[in-house]
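# Observations on chain architecture
Okay, here's what each chain looks like letter by letter:
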Amino acid sequence: MKRARLRVLLFPLCVVAGMALAHDNGSWKTKAPEKWTLEEAQQVLGKSPWVKIRTLWITPLNRQHVARYEVRIRSAFPIRMALAHSIASQPARHVRSARPPDPKALLRKADSFRVPNQLLISVRCPNPAATDTLNRQSLRTFGENAYIELEAGGRKVHPIGYDAPWQNDLRVALFHFPRPTPEEIGRRITFVARFGVPNVVTLKVDFDLNDLRWHGHIEY
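Because the structure is predicted, anything quoted here is derived from the model rather than measured. (Residues numbered from 1 in each chain as written. Predicted model: local features only at pLDDT ≥ 70, side-chain atom pairs only at ≥ 80, totals over all residues. Heavy atoms only, no water.)

Further remarks concern helix α3 (residues 77-88). Between its first and last C-alpha, α3 extends 16 Å over 12 residues, near the 16 Å set by a 1.5 Å rise per residue. Counting buried positions along α3 gives 9 out of 12 residues, so the element sits mostly inside the fold. (Helix = DSSP H or I, 4+ residues; strand = E, 2+ residues; numbered from the N terminus. Expected span 1.5 Å × (residues − 1). Buried < 20%, exposed > 50% of the residue type's maximum accessible area, 1.4 Å probe, protein only.)

For the rest of this paragraph, the subject is the packing of α3 against helix α4 (residues 103-112). α4 packs onto α3 with a crossing angle of 120 degrees between their chain directions and a minimal axis gap of 8 Å. Viewed along their axes, α3 and α4 adopt a mutual orientation that is oblique. For the pair α3 and α4, the crossing hand works out as right-handed. For the pair α3 and α4, contact is made by Phe77, Arg80, Met81, Ala84, His85, Ile87 and Ala88 and by Leu106, Leu107, Lys109, Ala110 and Asp111, respectively. Tallied by class, the residues present in the contact of α3 with α4 amount to 8 nonpolar, 1 polar and 3 charged. (Axes fitted to C-alpha atoms, helices over the stretch in contact; angles between N-to-C directions. Parallel < 35°, antiparallel > 145°, perpendicular 65-115°, else oblique. Left-handed = near helix turned anticlockwise from the far one by under 90°. Contact = heavy atoms within 4.5 Å. Nonpolar A, V, L, I, M, F, W, Y, C, P; charged D, E, K, R; others polar.)

So, about the pattern of salt bridges. One pass over the structure, following the stated rule, counts 8 salt bridges. Here Asp132 ties to Arg136 by a salt bridge, and the two come within 3.6 Å at their closest N and O atoms. On the basis of relative accessible area, Asp132 is assigned to the buried category, the value being 18%. Connected through salt bridges with shared partners, the residues Arg68, Glu70, Arg72 and Arg124 form a single ionic network. (Salt bridge = Lys/Arg side-chain N within 4 Å of Asp/Glu carboxyl O.)

Here the focus is the environment of Glu149. Relative to the helices and strands, Glu149 is located in strand β4 (residues 146-150). Filtering out sequence-adjacent residues up to four positions away, Glu149 remains in contact with Gly154, Arg155, Lys156, Arg188, Ile189 and Thr190.

Turning our eyes to something else, we now look at the side chain of Arg72. Residue placement: Arg72 occurs in strand β2 (residues 65-73). Taking relative accessible area as the criterion, Arg72 reaches 7% and is therefore assigned buried. Within the structure, Arg72 has its side chain in polar contact with the backbone oxygen of Leu45 (distance 2.8 Å). For Arg72, the side chain forms a polar contact with the side chain of Glu70, separated by 3.1 Å. (Polar contact = N/O pair within 3.5 Å; in protein donor to acceptor, adjacent residues only side chain to side chain.)

Turning to the sheet that holds strand β5 (residues 155-157), a few remarks are in order. Hydrogen bonding along the main chain pairs the strands of a sheet, whether they run parallel or antiparallel. Ordered by their spatial adjacency, 4 strands build an open sheet running β5-β4-β8-β9, and the pairing between neighbours is antiparallel. Unpaired on one side and paired on the other, β5 and β9 (201-208) mark the two borders of the sheet. Neighbour to neighbour, the strand axes of the sheet diverge by 20 degrees on average, direction disregarded. (Pairing = 2+ DSSP bridges.)

Of all residues in the chain, 84% have pLDDT values of 70 or greater, and the mean over the chain is 86. Every residue in residues 1-23 is under pLDDT 50, and counting partners more than four places away or in other chains gives 35 contacts. (pLDDT = per-residue confidence, 0-100.)

A separate point is the packing of helix α2 (residues 38-46) against α3. In contact at an axis separation of 9 Å, α2 and α3 are set at 135 degrees when each is read in the N-to-C sense. Between α2 and α3, the angle is such that the two are oblique. The handedness of the crossing between α2 and α3 is left-handed. Contact residues: α2 offers Leu38, Ala41, Val44 and Leu45, while α3 offers Pro78, Ile79, Ala82, Leu83, His85 and Ser86. Looking at the contact of α2 with α3 residue by residue, the class counts come to 8 nonpolar, 2 polar and no charged.

Right under this line is the structure:
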């Protein structure tokens with residue numbers, strides 16, 4: 001029963017990301033985020049500078065599968081706002097007609113995703129076997145195998161917290177890092193996570209700080 005529920009809950013964000021890749025016109029860049037349409041929020045979640053997609057082969061039980069990993073800087077304000085829109089769009093029970101989301105409620109929801117002094121990176125994969133592997137991980141099992149590398153000085157920073165997909169409503173793996181300053185980062189943040197036994201998956205993505213500018217400042 002738990003597995004069935006997990007797969008159902010993963011579906012909405014999968015649709016969000018897939019639709020975004022097909023309809024990216026960049027209109028979200030020029031609008032106030034609380035006024036985004038659902039389609040514009042989907043663009044931010046699926047194809048924006050705060051999102052990287054990696055397709056890797058995984059071999060659970062010695063059977064090869066293609067897994068599409070979505071890596072997002074979850075602490076970035078545009079991502080938090082896009083998630084707020086996505087959640088607000090979900091039909092509520094006993095409500096026959098959907099109303100436009102309240103801008104103040106959207107901002108409050110986005111703020112609820114923020115953790116002070118932390119850089120949050122989420123990993124989501126609609127492949128059940130890949131999600132299963134992430135569900136079995138913990139901060140202890142990641143050990144030295146998960147970190148962000150800061151281009152300035154090449155310093156590696158390991159997570160101070162890890163939430164497995166089963167531990168949150170959005171069903172994503174969430175990595176908590178101490179929040180570095182732009183000066184400590186330099187030009188680029190590299191996120192690395194290695195997981196899975198005996199077939200290890202190495203997930204590695206780069207985020208260029210120059211691409212993360214949002215209304216005149218760097219947002220991460």
